[in-house]
Amino acid sequence: MSEKTPKLRAVLDGIPTYKPGRPAAEGGPVTYKLSSNENPYPPLPGVLESAVAAAGAFNRYPDMACAGLMAELSDHFSVPVTDLATGTGSVGVAQQLVQATAGPGDEVIYAWRSFEAYPIITQVSGATPVQVPLTSDEVHDLEGMLAAVTDRTRLIFVCNPNNPTGTVVRRAELESFLDRVPADVLVVLDEAYREFNRDADVPDGIELYRDRPNVCVLRTFSKAYGLAGLRIGFAVAHEPVAAALRKTAVPFGVSQLAQEAAVASLRSSKALMERVDALVTERDRVFRALVAQGWTVPETHANFVWLRLGERTVAFASACEQAGVVVRPFPGEGVRVTIGESEAMDLFLKAAEEFRKEM
Ligand SMILES: *Cc1c(COP(=O)(O)O)cnc(C)c1O
């Protein structure tokens, strides 16, 4: 056999592998998965039926233009079809955005810690990640991010609410930031958790996009809508950016099943709202209970809470696991806990209380 192996791009060596949230253990005592910010509810009414109907045509390629879904999205969010692009989850769309804007020598700015896909997709594109630390209260440092802009900057991610801290940037500061970012730099507002926000001062990115040609909004069906397994998300952006997204998409990436399920989900707004409301109520209960136990928890506007445990992170995660809940540790930093079933949250709160007493 030859000593030679295929030449791979050197840039791959420095790329961290995406770590999915660990699944709940099978067999043994009941465990709950609170590690991936998934929705604990089954699909919305009508979704399973339309997905099953679409399954009858698996021998055919999906509609590459996602025409039915695009029309539904256009109607639902009052944006022209030309300003929409879909992809294999909003991570897929985020990757297309980086591919469309940044290559070797270019810079992509994002807060850190934030969504762990950002460094990966930036480096896959060959671009340089520029990480701007969160403030001491776990919020995006927009002034710091602005100061990091150079003539090589091509894209800035603003994750609002931020994963994994749940914190938000509000209207006045975000608008002031957008007013000062150079017009040829794309700002991507990643709003994967938008539906869980209850603060009227947090702007809807789709309103901000309307008169700002360099703003792109990312939304997903994975979190509030509960379709994580189907891989579907979308972007709202002005025509040149949306057109670039359609060019960089993997052909037929979004399955017909995903398209039909997304349309049915959009038509179930009322049921969606009830579920999201229930999760928000549960989130607020968990937040208050943690504060009462003595924890410092950043105010969360998403479907998870963040505990900055530092060196205790791994120990805390294993204590939770022993109590029957799988959480998401970021070793040395903190633990993110998804809001799931009430029984799961009770188990988590009990474990947190006991851990706290021994600290
Ligand atoms: C979960 C998440 C996404 C969405 O992922 P999908 O690819 O749509 O499943 C995007 N951005 C952030 C910040 C997330 O946490």
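Look up: the structure comes first, before these words.
This report concerns the structure included in the present document. (Residues numbered from 1 in each chain as written. Predicted model: local features only at pLDDT ≥ 70, side-chain atom pairs only at ≥ 80, totals over all residues. Heavy atoms only, no water.)

## Description of the sheet that holds strand β2 (residues 84–87)
Read across the sheet, seven strands follow the order β2-β8-β7-β6-β5-β3-β4 without closing on themselves; strand pairing throughout is mixed. In the strand order of this sheet, the two ends are held by β2 and β4 (128–133), each with one partner. Across the sheet, the mean angle separating the axes of adjacent strands is 25° when strand polarity is ignored. Pairing geometry for strand β3 (residues 107–112) and strand β5 (residues 153–159), over three bridges, is parallel. From the neighbouring strand, Val108 faces β5, where its bridge partner is Leu155. Contacts between helix α2 (residues 67–77) and the sheet are confined to β2, β7 (215–220) and β8 (233–236), with β2 contributing the most and set at about 125° to the helix. (Pairing = 2+ DSSP bridges. Helix = DSSP H or I, 4+ residues; strand = E, 2+ residues; numbered from the N terminus. Axes fitted to C-alpha atoms, helices over the stretch in contact; angles between N-to-C directions. Contact = heavy atoms within 4.5 Å.)

## Some details on the pattern of salt bridges
Enumeration according to the criterion identifies 21 salt bridges in this entry. Close ionic contact of Glu299 with Arg170 constitutes a salt bridge, the shortest N to O distance being 3.6 Å. A residue pair is termed long-range when its members are at least 10 positions apart, and Glu299 in the loop between α10 (269–293) and β9 (304–307) and Arg170 in the loop between β5 and α6 (171–180) qualify at 129 residues. You can call Glu299 partly exposed: its relative accessible area is 46%. Residue Asp277 is joined to Arg198 by a salt bridge in which the shortest nitrogen-to-oxygen separation is 2.8 Å. Here Arg198 lies in the loop between β6 (186–190) and α7 (205–209) and Asp277 lies in helix α10, a separation of 79 residues in the sequence. Counted as one network, the salt bridges with shared partners bring together Arg170, Asp199 and Glu299. (Salt bridge = Lys/Arg side-chain N within 4 Å of Asp/Glu carboxyl O. Buried < 20%, exposed > 50% of the residue type's maximum accessible area, 1.4 Å probe, protein only.)

## Comments concerning a nonpolar patch on the surface
Side chains of Tyr61, Met64 and Phe252 sit close together on the surface and give an oily, nonpolar patch of about 380 Å² of accessible area. By the element assignment, Tyr61 lies in the loop between α1 (47–55) and α2. (Patch = residues over 30% accessible without salt bridge, like charges linked within 9 Å, V, L, I, M, F, W, Y side chains within 5 Å. Areas by Shrake-Rupley, 256 points an atom, 1.4 Å probe, with all protein chains shown as cover.)

## Describing the nonpolar core
Counting residues in hydrophobic clusters, the biggest one holds 81 residues, and the most contacted among them are Phe177, Phe221, Leu290, Phe316 and Phe348. When neighbours within four sequence positions are excluded, Phe348 is seen to be in contact with Val286, Leu290, Leu307, Phe316, Cys320, Val325 and Val337. Among the nonpolar cores identified, the runner-up in size contains 24 residues, and Val98, Ala127, Cys159 and Val188 belong to it. (Core = buried A, V, L, I, M, F, W, Y, C linked by side-chain atoms within 4.5 Å.)

## Points about α10
For α10, which comprises 25 residues, the first-to-last C-alpha distance of 36 Å matches the rise-based estimate of 36 Å (1.5 Å per residue) to within 8%. Taken together, the buried positions of α10 are occupied by Ala271, Leu272, Arg275, Val276, Leu279, Val280, Glu282, Arg283, Val286, Leu290 and Gln293. Looking at the buried side of α10, the elements it contacts are β9 and α12 (342–357). Of the residues one or two after α10, Gly294 is the one with positive phi, at around 105°. (Expected span 1.5 Å × (residues − 1).)

## Things to note about the site of the ligand
What surrounds the ligand is a group of 13 residues, the closest being Ser90, Tyr193, Thr220, Ser222 and Lys223. The contact in question runs from an oxygen atom of the ligand to an N or O atom on the backbone of Val91, over 3.0 Å. Tyr193 is positioned with one of its side-chain polar atoms (N or O) 2.6 Å from an oxygen atom of the ligand. Relative to its unbound accessible surface of 380 Å², the ligand loses 94% to contact with the protein. Top element by residues in the shell around the ligand is helix α3 (residues 89–101). It accounts for three residues. (Near = heavy atom within 4 Å. Polar contact = N/O pair within 3.5 Å; in protein donor to acceptor, adjacent residues only side chain to side chain.)

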